[in-house]
Amino acid sequence: MLDVQLGELTGGAPAGVDEALGLVAGFDEALAHGFARIGEEPAAALAALAGALAASPLGDRVGESVDKVVAGSIGDEHLAALAGARAALSGAVHDALLGRLDSAIGRTRALWEPSSGAGGSPDNVLAGCRVWLRELAIVGWRGVDHDVVSSSDQAIEALLAVPGLRGLAVLLDGLAAELRASCPVSTMERLPARRWTDLWTRALLLAQSGPWHGVAEQVSGRLLILGADVHEHATVVRVQVHGILEPAGGASARLVRTSVAAAKVDTIVGPAVWKLMGGHPVLLGALAGHRGLEITDMPLLPGGDLVWHDDRARAGEEADPFATARVQLGAAQAPPVPPLDRHPVRIAEPVLVEGYTVNGETLELGGNALALDLDRLPACTPLTAELVAASSACLGLMRWDGGRWVLQPLAVQATVKKKPVTAHTGDWAMGPTDPKVVKAEAKNGDAVAVLRERAGRLLRK
C-alpha cells in the first residue's frame, strides 16, 4: 500500500533526470529542423548528446555519428547510433524513476537477462522502413509535407505483409497519420516534437533487425485480476489487464499484464466498444464478474506480458481485486523492463492507496499530495470523476507525466449517499449494468450490429 512513502515520490525528480531530459529536448529540436543543414545550435545539441555518452559503450560510435551528420553525411548507421543514444538517455531517466518508485512502495523487481535473439525479419522490408525514417531525419519535422508522408505507404504495406512486423507497421502508420493530419507542418505554431521523436526513435531501432521481445515461457496457474486500463482511439481500442499470477507448483507470485485489442470506427464509443472484443469471452467475463482465471500453457514474455489465448483460460472463483491487492500486491515480484520499453512514459505500476481524501484532482495522504490522472478515465466504464472524488480506497497505476507522479484510477471504493459503492473499469465488459445507460443504448440502437450488418451486405455484393 502506498502511504507514508508518498513523500519520497513527491519530493522532486531524482538527480540528473532534468539534465538528461534537457539533452533529449536538444536532440528533438535538432531533428525538428532536419539534418540536411545543421545550424550552430542543433550542432551544439548533438555534440552535447555525444559528450554525455562519451564514457559509455556507445561513446565512440555516437561521437563519430555526430561528426558525420554535422558534416552532411547521413547514413543509416549514423542515425541508428543517434537513436540509440537518445533511447539510452530516456532509458536512464526511466530507470531512475522506476527505481525510486520501487523503493517507495517496497516492490522487488526481476532483472532483465540479456539474450541473443532475434529478428529473422526480411531485411529488404526493414530497409524500406529505414529509407522513410531517414527521409524524415533529413527534412526534419518542419519540412514534412504530403509528399513526404505519402512516401511511407509502400514501406507500411510491405511491413503489414509480414506478421512479425505488423507492430512496427502500426507504429509507422500512426506516425504517418499524425504527420498527415498536421501537414503542412511548417505552419504549426507548436510541434509535438517529443512525441514524434519518441516514435521515430523506437521505429528506427526496431527497423534494424525487427522486433524482439525475448523467448516466451509457458506458464500455468491462477491469474488474479487487479484492474483494466482501457486505451481508446478513433480506429482502435485496447484493454490492458493488470494482475497477479500465482504459478502452478507454488512458485512466488508475479505481476503480469495481458492485452486484447480490436479495430473500430470513430462512431463506436462508450460501452459499445466492449462488443468489439467479443472474441475473448473468458477474459471479459472475469473482468465483469470479478473472478480469478485458471490459465494453462499461456505464453509469458520476459517483460511480464501474457500473450492472451482465451481458449487456454477458464473462469475460476470470485476474487475481489481489492482483497487481492491488500493480501498479495506488496509481495508480488514485478517483471523486468525490456530494453526498448525503458521510457518514462511507459511506466504504469499497479498500486493500492487507502485512507486518503480527495481535494479537486489531488489525492491527499499523510500530509502529502498526489495528482490524480482523471483524463484517462474511459467513457466505457462506470468509474467516474465523481466516484473518485468520493472514494477512500483506490486501485490504480502510478505514472510519470509532465515531470510529476500521477495516479490513474482503475477501481475505487467510495461512499455515496451513505452507502458503500465499488466501481471498476472492467465492470461493463459484458455490457453496462446501469439501467440509465442500458436504456440509452437501447434508444440509440446497436451501432456495432448495424455496422457489421452493413459490412456483411457489402461483402455479399
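Residues numbered from 1 in each chain as written. Predicted model: local features only at pLDDT ≥ 70, side-chain atom pairs only at ≥ 80, totals over all residues. Heavy atoms only, no water.

Explanation requested: the overall build of the chain in the structure shown.
Assigned secondary structure in the chain consists of 15 helices and 13 strands. Over its C-alpha trace the chain gives a radius of gyration of 23 Å, about what one expects of a compact globule, namely 23 Å for 461 residues. Taking the principal axes of the C-alpha coordinates as reference, the chain spans close to 70 × 65 × 50 Å. Within the span of the chain, comprising 461 residues, buried residues form 46% of the whole. Partitioning the intrachain contacts of the chain with sequence separation of at least 6 by distance along the chain shows that 69% fall at a separation of at least 24. Of the side-chain charges in the chain, 42 are positive and 53 negative, and the distance between the mean point of each set is 7 Å. (Helix = DSSP H or I, 4+ residues; strand = E, 2+ residues; numbered from the N terminus. Rg over C-alpha atoms; globule rule 2.2 N^0.38 Å. Buried < 20%, exposed > 50% of the residue type's maximum accessible area, 1.4 Å probe, protein only. Contact = heavy atoms within 4.5 Å. Lys, Arg positive; Asp, Glu negative; His and termini not counted. Charge placed at Lys NZ, Arg CZ, Asp CG, Glu CD.)

Can you walk me through the packing of aromatic side chains in this structure?
Inspection of the entire model under this criterion finds four aromatic pairs. A ring pair is formed by Phe27 and Trp200, whose centres lie 6.3 Å apart and whose planes are at 40°; its orientation type is tilted. You can see Phe27 sitting in helix α2 (residues 17–33) and its partner Trp200 sitting in helix α10 (residues 193–209), a full 173 residues away along the chain. For Trp200, a relative accessible area of 0% corresponds to the buried category. Within the aromatic cluster, the residues linked to one another by ring pairs are Phe27, Phe35 and Trp200. (Phe/Tyr/Trp six-rings, centres within 6.5 Å; stacked < 30°, edge-to-face > 60°.)

What is the right way to read the pairing of strand β11 (residues 391–401) from this model?
In summary, the side chains of a regular strand alternate between the two faces of the sheet. Judged by how many residues are buried, β11 sits mostly within the fold: nine of eleven residues are covered. Across six bridges, the pairing between strand β7 (residues 349–354) and β11 is antiparallel. Note on β11: the bridge partner recorded for Glu354 is Ala393. By the bridge criterion, ten bridges tie β11 to strand β12 (residues 404–416) in an arrangement that is antiparallel. Looking at β12, one finds that Cys394 is bridged to Val412. (Pairing = 2+ DSSP bridges.)

What is the right way to look at a negative patch on the surface in this model?
A cluster of acidic residues, Asp60, Glu64, Asp67 and Glu77, forms a negative patch on the protein surface. Structurally, Glu77 is set in helix α5 (residues 76–105). (Patch = residues over 30% accessible without salt bridge, like charges linked within 9 Å, V, L, I, M, F, W, Y side chains within 5 Å. Areas by Shrake-Rupley, 256 points an atom, 1.4 Å probe, with all protein chains shown as cover. Salt bridge = Lys/Arg side-chain N within 4 Å of Asp/Glu carboxyl O.)

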